[in-house]
Amino acid sequence: MTKYYTVTNSADEKIIGAVYPQCHSFVKGITEEDEERFYNFDEYFNKKECLPPFELKLDGYKFYYRCKLTNFISHVSSKLLLMDKTALDLMLQFNLGQHIVIPATVYKSNNPLELFFLYIANPIMQYIDFPKCIFEVDVVNNCTKERYTGFKDYQSLSDFKDMMWDSDENYFSTQPIQLILSSDFPTQLDVFRIPYFNAYYYFMSDRLKNAIEEAELTGLNFSEEIKIAIEK
């Protein structure tokens with residue numbers, strides 16, 4: 001049985017250096033319109049083709065000069081994975097489902113780095129068994145986290161979030177801590193996202209995780225913060 005791990009960019013200063021994210025600004029000359037191209041991918045996520053219908057150009061990130069270069073690189077729009085060619089070559093050996101690779105020039109101390117964005121577009125909402133999933137509600141000032149189950153579907157979860165926003169000014173978020181996927185979930189997939197819950201989290205298979213660790217690629221953090229279980 002395939003096991004999936006929650007994946008985020010590493011924020012460990014021993015690994016990435018001075019600050020997180022490693023790319024947190026743009027070089028001079030980048031317009032607001034240029035910057036928007038880094039952020040608007042999820043508007044295509046629910047469409048049939050899931051991929052942007054235009055040619056992509058995502059140059060202009062500035063790599064903070066005191067940071068270390070890692071294979072996977074953190075940036076302010078982490079909805080896209082940013083990586084070097086070594087990491088990309090390994091990723092492309094696995095089942096990424098629907099995806100596009102976008103070459104990108106990132107600048108470190110005015111020196112260009114030729115890197116790659118990887119956009120993963122594998123919608124899996126239809127496989128989530130919502131009534132069996134466990135969610136955690138975070139209320140800031142009360143420092144409380146309560147667990148909820150039994151949401152009928154995503155709409156009922158969304159309605160609950162809206163109700164919390166309207167009724168409690170201290171409400172912060174509702175996040176899954178355990179997701180149950182139906183038995184027909186395509187376990188051959190090695191990576192996917194669920195942007196409706198947390199746009200910055202990826203999920204990777206144990207196959208891909210092991211390959212990344214065996215190749216000693218740096219810049220990612222694997223955890224079981226959100227547990228994924230697949231029905232038999």
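Here, every reference points to the structure presented above.
These numbers were taken from a predicted model, which means no experiment stands behind them.

To continue, consider the sheet that holds strand S3 (residues 61–63). Taken in spatial order, the six strands line up as S2-S3-S6-S7-S5-S4 in an open sheet, and their pairing is mixed. The open sheet has two edge strands, strand S2 (23–26) and strand S4 (72–73), and neither has a second partner. As judged from the three bridges shared by strand S5 (residues 81–83) and strand S7 (residues 111–120), these two strands associate in the antiparallel manner. Looking across to S7, one finds that leucine 82 is bridged to phenylalanine 117.

Before going further, it helps to examine helix H5 (residues 206–214). Within H5, the full set of buried residues consists of Asp206, Leu208, Lys209, Ala211 and Ile212. If you follow the buried residues of H5, they end up packed against strand S1 (4–9), S4, helix H3 (85–91), strand S11 (191–193), strand S12 (202–205) and strand S13 (220–223). Once H5 finishes, glutamate 216 follows within two positions and takes phi at roughly 60°, a positive value.

What the rule picks out here adds up to six salt bridges. Each member of the salt-bridge network shares a partner with another, and the members are Asp129, Lys132 and Glu231.

Disulfide: a covalent bond connecting the sulfur atoms of a pair of cysteines. Inspection of the entire model under this criterion finds zero disulfides. Unpaired in terms of disulfides, cysteine 23 finds its nearest cysteine sulfur in cysteine 67, a separation of 8.1 Å. We classify cysteine 67 as buried; its relative accessible area is 3%.

Helix length check: helix H4 (residues 154–167), at 14 residues, gives a terminal C-alpha distance of 20 Å against a target of 20 Å (1.5 Å per residue), a fit within 8%. Every buried residue of H4 is listed here: Leu157, Phe160, Lys161 and Met164. On an axial view of H4, the arc spanned by its buried residues comes to 100°, and they lie on one face. You can read the cap of H4 off the contacts: a side-chain oxygen lies 3.2 Å from the backbone nitrogen of glutamine 155, and it is on aspartate 153.

Attention now moves to the side chain of aspartate 206. Relative to the elements of secondary structure, aspartate 206 occurs in helix H5. The residues touching aspartate 206, leaving out its near neighbours within four places in the chain, are Met1, Thr2, Lys3 and Tyr5.

A few words now on the sheet that holds S11. Ordered by their spatial adjacency, four strands build an open sheet running S11-S12-S1-S13, and the pairing between neighbours is antiparallel. Looking at which strands have only one partner, the edges of the open sheet turn out to be S11 and S13. Each strand axis lies, on average, 35° off the axis of its neighbour in the sheet, ignoring direction. Bridge count for S1 against S13 is four bridges, and the pairing is antiparallel. Residue threonine 8 lies in a different strand from S13, and its bridge partner there is asparagine 221.

That bond from tyrosine 20 to proline 21 is cis: its omega, -5°, falls within 30 degrees of zero. Positive phi is not limited to glycine here, since serine 109 has a value of about 50°. When you line up the elements, serine 109 lands in the loop between strand S6 (99–108) and S7. Looking at serine 109, the relative accessible area reads 46%, which means it is partly exposed. Look at glutamate 216: it is not a glycine, yet its phi comes out positive at around 60°.

Conventions we followed
Residues numbered from 1 in each chain as written. Predicted model: local features only at pLDDT ≥ 70, side-chain atom pairs only at ≥ 80, totals over all residues. Heavy atoms only, no water. Pairing = 2+ DSSP bridges. Helix = DSSP H or I, 4+ residues; strand = E, 2+ residues; numbered from the N terminus. Buried < 20%, exposed > 50% of the residue type's maximum accessible area, 1.4 Å probe, protein only. Contact = heavy atoms within 4.5 Å. Salt bridge = Lys/Arg side-chain N within 4 Å of Asp/Glu carboxyl O. Disulfide = S-S within 2.5 Å. Expected span 1.5 Å × (residues − 1). Arc of directions from axis to C-beta. Polar contact = N/O pair within 3.5 Å; in protein donor to acceptor, adjacent residues only side chain to side chain. Axes fitted to C-alpha atoms, helices over the stretch in contact; angles between N-to-C directions.

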